[in-house]
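Coordinate inspection notes
Chain by chain, the residues:
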Amino acid sequence: ATFRSALDRMNEYDDFVFVASSAAFYEWVEKSDPAMFAEIQQRVKEGRWGIVGGWWIEPDCNIPSGESFARHSLYGQRYFKDKFGITASTGFNIDSFGHAATLPQILAKSRIKNYVFLRPGPHEMKLPGRLFRWQAADGSQVTAFEIPFTYCTWGNDLQEHAIRCAGEMKDPIDEFMSFYGVGNHGGGPTIANIESIKRMEADPETPFHLLFSTPDTFFDTVREKGWQLPLVNTELQHHASGCYAAHSGIKRWNRQAENRLMMAEKFSSVAAWQGMLDYPQDFQHAWKQVLFNQFHDIMAGTSLEIAYEDARDAIGEAMSI
């Protein structure tokens, strides 16, 4: 419904641009509504639908193993390349509850050069600014942006939200991203949202310009302007620490599945190399079951109880494979 709404807004507004992550969602649409999927492919080709993230979903960024993060990139970027002819340049984990210090290395090796996040907020971790270079221990870097205040808006008029976001710009930074639209329960940008943006842009009293854009365009502009950005070389923590003591089952199942899959693939590789066994073709499906259930709310223990019955069964299938 969110993707349908975004496509409808594009038909109504020639300059409207939409952004979405998570290859898993696109795969659902491809299978359930091929006609709508073709519309999305066309809008991506036109540059009006931004592909971000490059991962299977937006996972918890603390619990999964390094191999899992690599698989998110492998299967996510491979899907986007196959279906849209592009790979994502901007990492996009906007609701994850913290971010491991190893991620810039994994992102950089996955052709991702930018990163967008929300948590931890300023009250949880002091950062040198909303925009900075984030570096892993091996020296790999991505340009990171901390979303101000929220990744979604519940109100219809965005004037107050836009003014608050613009107030976060610090000299000489004169470009900024403001995220908006109905989030969490879906819907995306509304007609009222878009009309309020157009009204602000047309008002000579508005102290800034607004345009519909993508994170990729923002980061490209940052590089063109050549700002000297501060360096952060640590993990981004802490948010919602209590989640990591919640629902031990999902965390245990996840680690068991990760370990069994890695072990199975290694032994299968040796067996195939020795001519003892054809290499199995169902590991990708097994990994996708594990990766989907690393979604930040599922993995961190903040989903509804019934979600964990589905997660148990899906991860169980992966372990069975």
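Overview of the structure.

Definitions and limits used
- Residues numbered from 1 in each chain as written.
- Predicted model: local features only at pLDDT ≥ 70, side-chain atom pairs only at ≥ 80, totals over all residues.
- Heavy atoms only, no water.
- Helix = DSSP H or I, 4+ residues; strand = E, 2+ residues; numbered from the N terminus.
- Buried < 20%, exposed > 50% of the residue type's maximum accessible area, 1.4 Å probe, protein only.
- Pairing = 2+ DSSP bridges.
- Contact = heavy atoms within 4.5 Å.
- Axes fitted to C-alpha atoms, helices over the stretch in contact; angles between N-to-C directions.

Focus on unusual backbone geometry
Backbone torsion omega between D171 and P172 reads 10 degrees, so that peptide bond is classified as cis. Within the fold, P172 resides in the loop between α6 (159–166) and α7 (191–202). Backbone torsion omega between Q237 and H238 reads 5 degrees, so that peptide bond is classified as cis. Here H238 is to be found in the loop between β7 (231–232) and α9 (248–273). We note that F149 has phi near 75 degrees; this positive angle belongs to a residue other than glycine. Following the sequence through the fold, F149 ends up in the loop between β6 (141–146) and α6. Despite not being glycine, H247 has its phi angle at roughly 50 degrees, a positive value. Its location among the elements puts H247 in the loop between β7 and α9. With a relative accessible area of 31%, H247 lands in the partly exposed category.

Some remarks on the sheet that holds strand β5 (residues 131–135)
The mixed open sheet is built from five strands, whose spatial order is β3-β4-β6-β5-β7. Unpaired on one side and paired on the other, β3 (90–93) and β7 mark the two borders of the sheet. Set on the sheet, helix α8 (residues 215–225) makes contact with β3, β4 (114–117), β5 and β6; between it and β4 the angle comes to about 120 degrees.

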